[in-house]
Structures are given as structure tokens and as C-alpha cells.
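So you can see what is in the structure, the chains are spelled out below.
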Amino acid sequence: MASFYAEHDKVYVAVDCIVFGFDKKKLKVLLGKRQMDPGRGEWSLYGGFVGENESIDEAAYRVLYHLTGLKHIYMRQVEAFGAVGRDPGERVISIAYCALINVSDYQEYLLVKHDVEWVDADAIPALYSDHNIMVKKALTLLRKHINSEPLSFNLLPDLFTLTQLQLVYEAILGEELDKRNFRKRIKAIDMIEKTELIDKNSSKRGAALYRFNKRMYQESPFFRL
């Protein structure tokens, strides 16, 4: 086999995954202690190197599936990070991806298996290398698109109350929203459907449960809050 580019330096390409969840009114990030050198024992995102025969997206999906056991989850590329010296081990360029999952879909045994835990997004500890910057960039991306894409529904169960939906928005945006205005805007979106079911856990009176009509969105992918 012919050898090309032999005169150029070789670098490693990796993916790092920022997995967001929502629990107890808080936006969470899945973090763990790094299990390899350099940086063993430091808080870190979960990632891996891109294989010779896979694309960067395929690598990210592989890493996410290994970490979460979930398929068909929301994933979006955030940015490439390639500062010289960002990894003290070798010259590594990393592509950061963010993913959104429903915490209740994540099986707890995986927390032990991968030695990871859910950490409040507003209380992230110092992370390995530039991983803090990755999380910050991912959160900025979510805030930019949350009103024009149905991102929040990836963090909720299939059936949810309007209070739960508002809490997700507030957790991502980092600010309180006016309840009356928020509900008025939500009820104007056809693809958010009120069901006949009632959530009895939220109050004695109960609250109506809603669902997001994914089929309607796929047929007409326009969303504006």
C-alpha cells in the first residue's frame, strides 16, 4: 500500500460527549473520574478516540451508546477543540458533542459500571483539560436553539406537565420565566398536545399531562416558542 503524507505530523482525533439530563428541577451533566493517564482521577467528560474505519459522528454515537445504553438519542456537534498542548499526553484534536436524555431512561447500574454521576450543570467542578469550556459551549448552544427547536422534550418523559416543561426551560436558560406568558406561548404550539390524563403526583387537584407530537414535527419541522 502506498504511503502518503509521510512528511506531515500525525495527530490523534477524539470525541468528547457532554450528556445533559434533567432531574429535581436541575439541569445535570454526566461526569466521571478519568480512568487513564494523563489526568487519572480528575473529573472529566466521557469520550474516546475515533477509529480508523468510522466517522466522527459514528464514533460519538458509539461512545454515547456505550455510556448510556440508549439509541436514537438527540446528539449535536458542538465544536472542535485543537489547541496545541490541550492534552498533555499527545497531540489530540477533540470534537465535542452534546446529547440530551431523560434521566429516568438511564439505568443506574451504568453509573457504577462507568464510575460516572449526574452533577448539577451550575456546579461543575474543575475538569480535565478544556472540558469545562466544552460544557460551557454546549450550554450556550442549547440556549441559542431552545426557542427554535424542540430540544427540551428530549429531557422529559413522553407525558409531562406544563410546570415540568417550564422548569426545563428555566434550567437551561438560567432564569425564571413568567408562568402565564410561558403557558400562553406553549398552548399556541399545535404539536404540543394536551391529553386527557392527569398527573396526581404534582398536587391534590392534579395537573393535565401533555405530549409532544413528534410525527407532526417531522412532517412540518417548524418550532418557535
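Above this note sits the structure.
Please read all numbers here as calculations on a predicted model, not as lab measurements.

**Q** I tried to follow the overall build of the protein on my own but got confused; where do I start?
**A** Scanning the protein from N- to C-terminus turns up 6 helices and 9 strands. Counting contacts in the protein only where the partners sit at least 6 residues apart, residues at least 24 apart contribute 64% of the total. Side chains of the protein carry 32 positive and 31 negative charges; the gap between the two charge centres is 9 Å.

**Q** In this structure, what is going on with the environment of P125? I would like to understand it.
**A** Counting through the fold element by element, P125 comes out in the loop between β7 (116–120) and α3 (131–145). With sequence-adjacent residues up to four places away left out, P125 is seen in contact with L31, W43, V119 and N132.

**Q** Whenever I open this one, the nonpolar core confuses me. Can you help?
**A** Formed by 42 residues in total, the largest nonpolar core has its most connected members in I18, F20, L165, I192 and F223. Of all the secondary structure elements, the ones that give two or more residues to this core are β1 (12–23), β2 (26–33), β5 (74–81), β6 (92–100), α3, α4 (162–173), α5 (179–187) and β9 (207–212). The element contributing the most residues to this core is α3, with 6 residues. If we ignore the near neighbours within four places in the chain, the residues touching I18 are V29, L45, V78, A96, Y97, C98, A99, M134, V135 and A138. Counting 20 residues, the second-largest nonpolar core is a separate cluster that includes C17, A99, I101 and V103.

**Q** What is the right way to look at unusual backbone geometry in this model?
**A** Negative phi characterises most residues that are not glycine, and trans characterises most peptide bonds. A cis amide bond links D37 to the next residue, P38, at an omega of -5°. Structurally, the position occupied by P38 is in the loop between β2 and β3 (43–44). The phi angle at Y5 is positive, at roughly 60°, despite the residue not being glycine. Tracing the chain through its elements places Y5 in the segment before β1. The residue D115 is not glycine, and still its phi comes out positive at about 55°. Position of D115 relative to the elements: it lies in the loop between α2 (109–114) and β7.

**Q** I would appreciate a short explanation of the pairing of β6 in the present structure.
**A** Side-chain positions along a regular strand alternate between the two faces of the sheet. Counting buried residues along β6, 8 of its 9 residues qualify, which places the element largely inside the surrounding structure. Across 9 bridges, β1 lies against β6 in parallel orientation. Paired with Y12 across the strands is V92, a residue of β6. As paired elements, β5 and β6 share 7 bridges and run antiparallel to each other. Note that in β6 the partner of M75 across the bridge is A99.

**Q** Is there a simple way to explain the packing of aromatic side chains in this structure?
**A** Each aromatic ring pair is described using two quantities: the centre-to-centre distance and the angle formed by the ring planes. Within the structure shown, the criterion is met by 8 aromatic pairs. The interplanar angle of 80° and the centroid separation of 5.9 Å between the aromatic rings of Y106 and W118 together place this pair among those described as edge-to-face. You can see Y106 sitting in the loop between β6 and α2 and its partner W118 sitting in strand β7, a full 12 residues away along the chain. Across the pair, exposure class does not vary: Y106 and W118 are buried alike. Through a chain of ring-to-ring contacts, three or more aromatic side chains come together here, namely F153, F160, F212, Y217 and F223. Above the face of the Y128 ring, R34 is positioned so that its terminal group lies 3.9 Å from the ring centre. Between the NZ or CZ atom of K71 and the centre of the ring of Y65, over which it lies, the distance is 5.4 Å.

**Q** Can you walk me through the state of the cysteines in this structure?
**A** Simply put, disulfide is the name for a covalent bond between the sulfur atoms of two cysteines. Here the structure, examined in full by the defined rule, presents 0 disulfides. The thiol of C17 is unpaired, and the distance to the nearest cysteine sulfur, on C98, comes to 9.7 Å. Given the relative accessible area of 1%, C17 is considered buried.

Calculation rules
Residues numbered from 1 in each chain as written. Predicted model: local features only at pLDDT ≥ 70, side-chain atom pairs only at ≥ 80, totals over all residues. Heavy atoms only, no water. Helix = DSSP H or I, 4+ residues; strand = E, 2+ residues; numbered from the N terminus. Contact = heavy atoms within 4.5 Å. Lys, Arg positive; Asp, Glu negative; His and termini not counted. Charge placed at Lys NZ, Arg CZ, Asp CG, Glu CD. Core = buried A, V, L, I, M, F, W, Y, C linked by side-chain atoms within 4.5 Å. Buried < 20%, exposed > 50% of the residue type's maximum accessible area, 1.4 Å probe, protein only. Pairing = 2+ DSSP bridges. Phe/Tyr/Trp six-rings, centres within 6.5 Å; stacked < 30°, edge-to-face > 60°. Lys NZ or Arg CZ within 6 Å of the ring centre and 35° of its normal. Disulfide = S-S within 2.5 Å.

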